[in-house]
Every structure is written in structure tokens, then in C-alpha cells.
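# Close look at the chain arrangement
Spelled out, the chains give:
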Amino acid sequence: MNNILGQPVEGEDFFDRENDTQRLWSTLEEGNHVLLLAPRRVGKTSLAHRVGQEAQRFHWRFALADVQGCRDELGFLDRLFQELKSAGVHVPALARLTEFITYARREFRGKLGAGDFSLEVNSGEGHETSTLEHQIERLFRDIEQSGDKILIAVDELPVLLEALEEADPDQRRLHAFLNWFRGLRLRYRENVRWLLLGSVGLDTFAELRRLTATINDLQPESLGAYDEPTAIAFLQALAASKGIEMDEAICRLVLDQIGWPLPFFLQLVFHEIYTRLGPPPRRKPTPDDVKQACEGLIAPQFYKHFEPWRGRLSEGLDVEHHKTAVTMLNALCAKPAGLSRSQLTSLVQAKFPSKDPDDIARMVATTLGQLERDGYLLKQAATEDGGTTYAFRSFLLRGYWHAREVA
Ligand SMILES: Nc1ncnc2c1ncn2[C@@H]1O[C@H](COP(=O)(O)OP(=O)(O)O)[C@@H](O)[C@H]1O
Ligand SMILES: [Mg+2]
């Protein structure tokens, strides 16, 4: 097993997630399309590869299209068709479409209107022409009829949707795209299944724009951190692969230091512990190694691993909600034990002195909800005196936030 920091893991490097894999795979196999939403870095892309591997074991084809870099509909289709081709889909419509997309992206760059799939495609047979939309229908009909089963994963879908919205603030393009995509999923579901992935927020994104109907055919699924025994077993497996020993007490100390055992954070901490052990023959890690490793992760050279949490906080939040989020996170990063909801509300009220208290309460509620779901904050059960409190879920992220925003 390799100690991988940031890239999706596959094969031997992928640890556990057995229940998640089986749950997702059986949901898909039974005939559902799935929407997997979870905070960044939880391990969605890695899990999608693992589910794909499971699908292949049952002789399904598997394609994974990362659409993060796609700016428009044609970019999306281009990525999708390339991946279908790599997955071994061989139907005549695919070759024709791939060729057309290359041509259209060159000719119509920036000129394509609202979700416009009515572009004319020369079918090559005689003088018959057809629209892009028809050709895509034909492609999926061919796939269905070929009898091959295929699982298509689309990674980072919300990023593409935001790009579509940016390109056309009236949202006509976004609506057209989502409606078209839903129609495609509903019409061809015999041998085709979709697994759509994104960081939490797509459901809120759709709700705010009254687009929920365009994703309501998807079975929602989520993914969390490892539970404690799995996290310990993972650290021990990493250690074993490097020929060192980490006893249970040391592993528990790691968990106490990081708070939230995402596989990614465990990989990061393990890497730091390991580099402290010196050249071979390496000694056993000590509690000091663990503490120093965790403290060290807040240094500037590690900012890049946490930057997306700060840089992408504004996604899905308007200016006022973003300011509310920053106000609360800035206060919480200095309070490991957390703050009560009323304390947080007062802080936000102070930032917006002329705003109505009811509006403040609503804004705090929405923002807390999002921060909780995106994995920033953990809501702690009401105590006898103080009511609900909120605290940073990941102690590493808390340290980083403090270093960047407050210190
Ligand atoms: N099952 C796993 N086994 C081992 N490491 C994992 C696993 N899942 C995620 N990771 C770690 O987390 C990092 C991020 O995983 P990734 O799948 O890219 O997450 P996401 O797509 O949710 O952002 C990986 O680089 C790896 O360090
Ligand atoms: Mg990912």
C-alpha cells in the first residue's frame, strides 16, 4: 500500500469502504441512478473507481468522466464520449459523434446558445442530416440494444453546472442542460446507469434555483469519515507497508489529534510521522512524533492541502452568507471546545448591526447547516445550560484556518 496524498487511490492503495462499495453497487445494479454528495477529500472519486471495479467484476463496462475542466455542453459531451470510447463502447454513433464534437468545438466556440443541442450533424450516410440531440439519442439507443451494461460516473458535476450558470445568468442554459440530462437518464436505464458525484451542495444549489425536479430521479447517497476501528486499521496497514510498527495507543493518539478521521487526513499525518523517523532501520513512532507531525501540518508548505476549504467556501453562498460563514469560522478556530449558537448569532449580528434579528437568525441557520454538511463544523448535542454548540470538525483544518485567517 502506498502513502498517497491527494490523488484518487485505486487497487491496493484503496483501503476498506467495503460497506459503501456494496451499498452503492447494489443500488446501481438494482436499476437506480445515484447522486453521491460528500465534502471534498472524503474519498468520493476513489470510491467511484472502486464501485467501477465492482461493476467490471460483473462484466459491466465502466467509464468515469471528470468534468471539472469542462466549461460548456460541448466540453462535457467531449469528455463523456472520450471516456465511453476508453471504456470499450463500440457503436457507430459514438465514432460519428466524437468527430462532430471536435469539429463543433472548433467552429462554434462561444457561439452555442442556451443548451443548444439542435446543431446539425452530418450523418455521413447520403445527404441526411440530423441534430446533435438526435445523434446522442441514437448513441444511447445503440448502447441499450447492444446488450452491454455500462456504469457511467460523472465526477465534479456541480463545477460544470456553475460554469453553465456563469455563461448565462438567466439560467436558461443550466435548465436546458439539466432537463436534457434527466431525460436521457430516464429514457435509457435498462443497461445504462449513472453515478453522479460532487461536493455537498448540489441539492441546495438545485433547490435555490428551483431545479430539484431535474435531479429527483437520482438516489441520494453520502460518504463519511472512517469509523475508529477502521481508521486504526488503516494507519496500521500504512505502517506495515513501510515496515514500521504503530501500536493501537499511538493510532488512538493520532485520532485524538486530528478529530475527524478522513482517509486523506490520516494519509497526511502518517506521511509526517514517517518522515520524522529518520533513515532505516526506522524506530517506532512516539507520542511526540505524533504531536509534532500534527502541529507541523499547519506550516505554510501544507497550505495547499487545505486551501480548497477556504478558497471554495463561497461556492453556493451569496456575499452575506459568505461573510456570516467567515465570521463564525474565524471565531471558532480559536475555540476548540466550540461556541453556542447564541454566541455565534451575536457575533454575526455585530457584523450586520442594522439587520433585523430575525433575518440574522435565518442567515445563521442556513449557513450553519451548510458548514455542517460540507464537513467544516460539527454540531454538538444540546447541553443542560447552553443549548447546541458548534466546533470545527477537523482539528487540522481548525489549525490551518487559525494560521491563515487569525494568527
Ligand atoms: N479508500 C481510501 N483508501 C486510502 N486512502 C484514501 C481512500 N479514499 C480517499 N483516500 C485519501 O483521500 C484523498 C482524496 O481522495 P479522493 O477520492 O480524491 O476524494 P474526493 O474525490 O472526495 O475529493 C486521496 O488522495 C487519499 O489520500
Ligand atoms: Mg474527487
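Numbers given to residues run from 1 along each chain, matching the order in which its sequence is written. Throughout, the order in which chains and ligands are written sets their labels, letters from A for the former and numbers from 1 for the latter. Two thresholds apply to this predicted model, a pLDDT of at least 70 for residue-level local features and 80 or more for giving and counting side-chain atom pairs, whereas whole-chain, interface and lining totals are computed over all residues.

### Quick look at the domain arrangement of the protein
Operational definition: Where each domain starts and ends comes from a domain assignment, either automatic or drawn from a database. C-beta atoms are placed from the backbone for every residue, and two residues are taken to be in contact when these atoms lie within 7 Å. Gly is placed with the polar residues, together with every amino acid not listed as nonpolar (Ala, Val, Leu, Ile, Met, Phe, Trp, Tyr, Cys and Pro) or charged (Asp, Glu, Lys and Arg).
Each domain of the protein was delimited in the assignment, giving domain 1 (18-221), domain 2 (228-297) and domain 3 (310-406). Computed from C-alpha coordinates alone, the two centres of domain 1 and domain 3 are separated by 35 Å. The interface is formed by five residues belonging to domain 1 together with six residues belonging to domain 3. A breakdown of the residues in the side of domain 1 that touches domain 3 according to their chemical character gives three nonpolar, two polar and no charged.

### Quick word on the site of ligand 1
Spelled out, the test is: The rule is simple: place the C-beta atom from the backbone, and if it lies within 6 Å of a molecule or strand, the residue is near it. Under the DSSP-based scheme used, a helix requires at least four consecutive residues in state H or I and a strand at least two consecutive residues in state E, with every element numbered from the N terminus.
As a matter of local geometry, ligand 1 sits amid 19 residues, with Gly43, Thr45, Ser46, Pro263 and Phe264 nearest to it. Sorting the residues of the shell around ligand 1 by element identifies α2 (44-57) and α11 (263-275) as the ones contributing at least two each. Split into classes, the residues belonging to the shell around ligand 1 amount to nine nonpolar, six polar and four charged. Both domain 1 (18-221) and domain 2 (228-297) contribute no fewer than three residues apiece to the shell around ligand 1.

### A few points about the environment of Arg189
Selection rule: Once C-beta atoms are placed from the backbone, each residue is buried if 20 or more other C-beta atoms lie within 10 Å of its own, exposed if 12 or fewer, and partly exposed for counts between those two.
With respect to the element layout, Arg189 can be found in the loop between α7 (172-187) and β6 (192-198). For Arg189, a count of 16 C-beta atoms within 10 Å puts it in the partly exposed group.

### What about the sheet that holds strand β2 (residues 61-66)?
The strands making up a sheet associate through hydrogen bonds between their backbones, and the pairing can be parallel or antiparallel. Convention followed: Strands were regarded as paired on the criterion that DSSP finds at least two bridges between them. Here, axes are lines fitted to C-alpha atoms. For helices the fit covers the stretch in contact, and angles between N-to-C directions go from 0 to 180 degrees.
Read across the open sheet, the five strands follow the order β2-β5-β6-β1-β7; overall the sheet is parallel. Each of the sheet's edge strands pairs with one partner strand only, and the pair in question is β2 and β7 (218-221). Looking at each pair of strands side by side, their axes are set apart by 20° on average, direction ignored. Strand direction decides the pairing type here: β2 and strand β5 (residues 150-155), joined by six bridges, are parallel. Paired with Ala63 across the two strands is Ile152, which belongs to β5.

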